[in-house]
Amino acid sequence: MKNINYIINGVLAVAVVILFVMQLSGKKVTNVSSPAVSGSEGALAGKLPVAYVNVDSLLENYNYAKDLNEVILKKAESSRASVNQKATSLQKEMEEFQRKIANNAFLTQERAEQEQQRLLNKRQELQDLDTRLSQELMSEQQKLNEQLRDSIVSQLKIFNKDKGYQIVLSNTGGDNVLLANDVYDITAALLEYLNKNYANK
């Protein structure tokens with residue numbers, strides 16, 4: 001299933017590039033607004049107004065993404081610690097219950113059954129707490145991911161005002177862009193812009 005997604009993404013990326021080539025060659029556009037690019041390749045003659053961003057590298061080095069990841073990790077650790085503490089306490093209570101059963105410490109069978117039911121209820125409450133905390137963490141992570149995506153997209157629009165890109169592709173682990181000249185990779189420039197704006201905030 002993943003391979004099909006790779007193929008479809010690749011075909012779509014190629015189709016977009018072909019459409020741009022057809023559009024540009026059909027209108028005989030000679031003056032394409034494109035950013036000046038430094039590097040061994042230099043600016044390519046007739047360069048398309050297309051770029052891509054390596055999302056893995058961006059998320060790994062974007063300070064805002066690092067801070068959000070730290071928030072999630074702290075919440076996950078806090079949740080895990082809370083559940084582990086309650087689980088340890090319950091385990092001790094269950095061991096104590098087993099010891100009392102073995103020593104015939106309960107006055108009546110009914111009292112032993114009540115204690116057993118109490119411990120079973122407590123175990124169910126702990127499982128429910130674990131599930132609830134996991135769901136809350138997933139929801140929080142999704143919310144933070146949306147904030148991060150919105151932050152990147154909104155700043156990319158401002159970043160692109162003087163660059164003139166008509167399309168900016170995302171590339172995750174070679175997923176969407178199978179082959180491209182480095183001159184189309186704007187990850188480093190965008191990352192510098194994002195981190196500079198984040199530091200100013």
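Figured I'd write up the structure that's included with this text. (Residues numbered from 1 in each chain as written. Predicted model: local features only at pLDDT ≥ 70, side-chain atom pairs only at ≥ 80, totals over all residues. Heavy atoms only, no water.)

1. Section: the overall build of the chain
1) Next: Within the chain one finds 5 helices and 2 strands.
2) Next: Taken from N to C terminus, the helices and strands of the chain fall in the order α-β-α-α-α-β-α.
3) Next: Taking all 201 residues of the chain together, the buried fraction comes to 27%.
4) Next: Counting contacts in the chain only where the partners sit at least 6 residues apart, residues at least 24 apart contribute 85% of the total.
5) Next: With an accessible surface of roughly 14,100 Å², the chain has 52% of that area assigned to carbon and sulfur atoms. (Helix = DSSP H or I, 4+ residues; strand = E, 2+ residues; numbered from the N terminus. Buried < 20%, exposed > 50% of the residue type's maximum accessible area, 1.4 Å probe, protein only. Contact = heavy atoms within 4.5 Å. Areas by Shrake-Rupley, 256 points an atom, 1.4 Å probe, with all protein chains shown as cover.)

2. Some words on the pattern of salt bridges
1) Next: For the structure on display, the rule yields 9 salt bridges.
2) Next: R149 is the salt-bridge partner of D150, the closest N and O atoms lying 3.3 Å from each other. (Salt bridge = Lys/Arg side-chain N within 4 Å of Asp/Glu carboxyl O.)

3. A word on the packing of aromatic side chains
1) Next: Considering all chains together, one arrives at 5 aromatic pairs under this definition.
2) Next: Each ring, one from Y62 and one from Y64, has its centre 5.9 Å from the other, and the planes form 65°; the classification is edge-to-face. Judged on exposure class, the residue Y62 and its partner Y64 are both buried.
3) Next: Look at Y62 and Y198: their rings are 6.4 Å apart centre to centre, the planes differ by 75°, and that puts the pair in the edge-to-face class. Of this pair, Y62 sits in the loop between α2 (55-61) and α3 (63-102) while Y198 sits in helix α5 (residues 187-200), and the two are 136 residues apart along the sequence.
4) Next: Given the relative accessible area of 1%, Y62 is considered buried.
5) Next: Feature note: the residues Y62, Y64 and Y198 constitute an aromatic cluster, connected by ring pairs. (Phe/Tyr/Trp six-rings, centres within 6.5 Å; stacked < 30°, edge-to-face > 60°.)

4. Observations concerning the packing of helix α4 (residues 109-159) against α5
1) Next: In contact at an axis separation of 11 Å, α4 and α5 are set at 110° when each is read in the N-to-C sense. Considered as vectors, α4 and α5 are oriented roughly perpendicular to each other. The two elements α4 and α5 cross, and the hand of that crossing is right-handed. Every residue of α5 that contacts α4 at I152, Q155, L156, I158 and F159 is listed here: A189, L190, Y193, L194 and N197.
2) Next: Here the residues of the contact of α4 with α5 sort into 8 nonpolar, 2 polar and no charged. (Axes fitted to C-alpha atoms, helices over the stretch in contact; angles between N-to-C directions. Parallel < 35°, antiparallel > 145°, perpendicular 65-115°, else oblique. Left-handed = near helix turned anticlockwise from the far one by under 90°. Nonpolar A, V, L, I, M, F, W, Y, C, P; charged D, E, K, R; others polar.)

5. Some thoughts on unusual backbone geometry
1) Next: One non-glycine residue, N104, lies in the positive phi region at around 60°.
2) Next: Relative to the assigned elements, N104 resides in the loop between α3 and α4.

6. Regarding the pairing of strand β1 (residues 50-54)
1) Next: Burial runs high along β1: 4 of the 5 residues are buried.
2) Next: As defined by bridge partners, β1 adjoins strand β2 (residues 167-171) across 5 bridges and the pair is classed as parallel. What sits directly across from Y52, in β2, is L169. (Pairing = 2+ DSSP bridges.)

7. A word on α5
1) Next: For α5, spanning 14 residues, the distance from its first C-alpha to its last is 20 Å, which sits close to the expected 20 Å at 1.5 Å a residue.
2) Next: Among all positions in α5, only T187, L190, L191, L194 and N195 are buried. What you see down the axis of α5 is that its buried residues fit within an arc of 125°, all on one side. Exposed residues pointing more than 90 degrees away from the buried face of α5 are listed as A188, E192, K196, A199 and N200.
3) Next: Those residues of α5 hidden inside the fold are in contact with β1, α2, α3 and α4. (Expected span 1.5 Å × (residues − 1). Arc of directions from axis to C-beta.)

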